Amino acid sequence: MREEHAEIRTTTMFNLLVAPPVPVEVELGYSTTDPYAVRAVFNPGGSQSVEWILARDLLADGLISDSGEGDVKMWPIPDQLELVVIEFTTPAGHARFTADAEELAEFLNRSYELIAPGTEHEWFDFEHELTHLGNAN
């Protein structure tokens, strides 16, 4: 595990797919302390923020093809390659957003400058995570 840690953040807009679409501010964050994950904090105007943890690989794969299983899925829009769809599902319902593919790709590229794909394990502290899981009970 490496000792020097860094974090990047960016704010972007996703569009909630309802009629008419509703823009929602989303803060994306990536940290070397959690190298497999991207945090997405949704800040809808006047409402409480909602945070989702997304696999970095899911975001990368979803820029070019269908990606994800279960709670989060992502895919490019075939006739609008500048956009991707991200769908979130919970027992309470689901929400579908469009996002700018280029902005997501730029964010991912910045994360790759911190930790190259395939080297995440060099940054992940399994002992710490196991201890943390043991304390959660």
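Above this text sits the structure in question.
Here the structure is a predicted model, which means the values were calculated and not measured.

S.K.: So what about the overall build of the protein chain? Which residues, and what values?
M.R.: Scanning the protein chain from N- to C-terminus turns up three helices and seven strands. Counting from the amino terminus, the protein chain carries its helices and strands in the arrangement β-β-β-β-α-β-β-β-α-α. Expressed as a percentage of contacts within the protein chain between residues at least 6 apart in sequence, the contacts between residues at least 24 apart total 34%. Split by element, the accessible area of the protein chain, about 8400 Å² in all, is 52% carbon and sulfur.

S.K.: I'd like to hear about the layout of surface pockets, residue by residue, with values.
M.R.: Here the largest pocket defines a volume of roughly 230 Å³. The wall of the largest pocket is formed by Leu16, Val24, Phe42, Pro44, Val50, Trp52, Phe88, Thr90, Gly93, His94, Ala95 and Phe97. Among the elements of the structure, β4 (50–55), β6 (80–90) and β7 (93–100) are those that each provide at least two residues to the lining of the largest pocket. No other element matches the four residues that β7 contributes to the lining of the largest pocket. A class-by-class count of the residues in the lining of the largest pocket yields nine nonpolar, three polar and no charged.

S.K.: Residues and numbers for the packing of aromatic side chains, please.
M.R.: In this structure the tally under the stated criterion is six aromatic pairs. Relative to Phe88, the ring of Trp52 lies with its centre 4.7 Å away and its plane at 50 degrees, an arrangement referred to as tilted. In this pair, Trp52 sits in strand β4 while Phe88 sits in strand β6, placing the two residues 36 residues apart along the sequence. Note on accessibility: Trp52 and Phe88 belong to one class, buried. When the ring of Phe88 is compared with that of Phe97, the centres are 5.9 Å apart and the planes differ by 80 degrees; the resulting orientation is edge-to-face.

S.K.: So what's going on with the environment of Ser49? Which residues, and what values?
M.R.: Tracing the sequence through the fold places Ser49 in the loop between β3 (37–43) and β4. Relative accessible area serves as the criterion here: at 40%, Ser49 is assigned to the partly exposed category. Among residues more than four places away in sequence, those in contact with Ser49 are Val41, Phe42, Asn43 and Pro44.

Analysis parameters
Residues numbered from 1 in each chain as written. Predicted model: local features only at pLDDT ≥ 70, side-chain atom pairs only at ≥ 80, totals over all residues. Heavy atoms only, no water. Helix = DSSP H or I, 4+ residues; strand = E, 2+ residues; numbered from the N terminus. Contact = heavy atoms within 4.5 Å. Areas by Shrake-Rupley, 256 points an atom, 1.4 Å probe, with all protein chains shown as cover. 1 Å grid on protein atoms, 1.4 Å probe; cavity = no way out; pocket = protein on both sides within 12 Å on 5 of 7 lines; lining within 4 Å. Points joined across faces, edges and corners; volume = space filled by probe spheres on them. Nonpolar A, V, L, I, M, F, W, Y, C, P; charged D, E, K, R; others polar. Phe/Tyr/Trp six-rings, centres within 6.5 Å; stacked < 30°, edge-to-face > 60°. Buried < 20%, exposed > 50% of the residue type's maximum accessible area, 1.4 Å probe, protein only.

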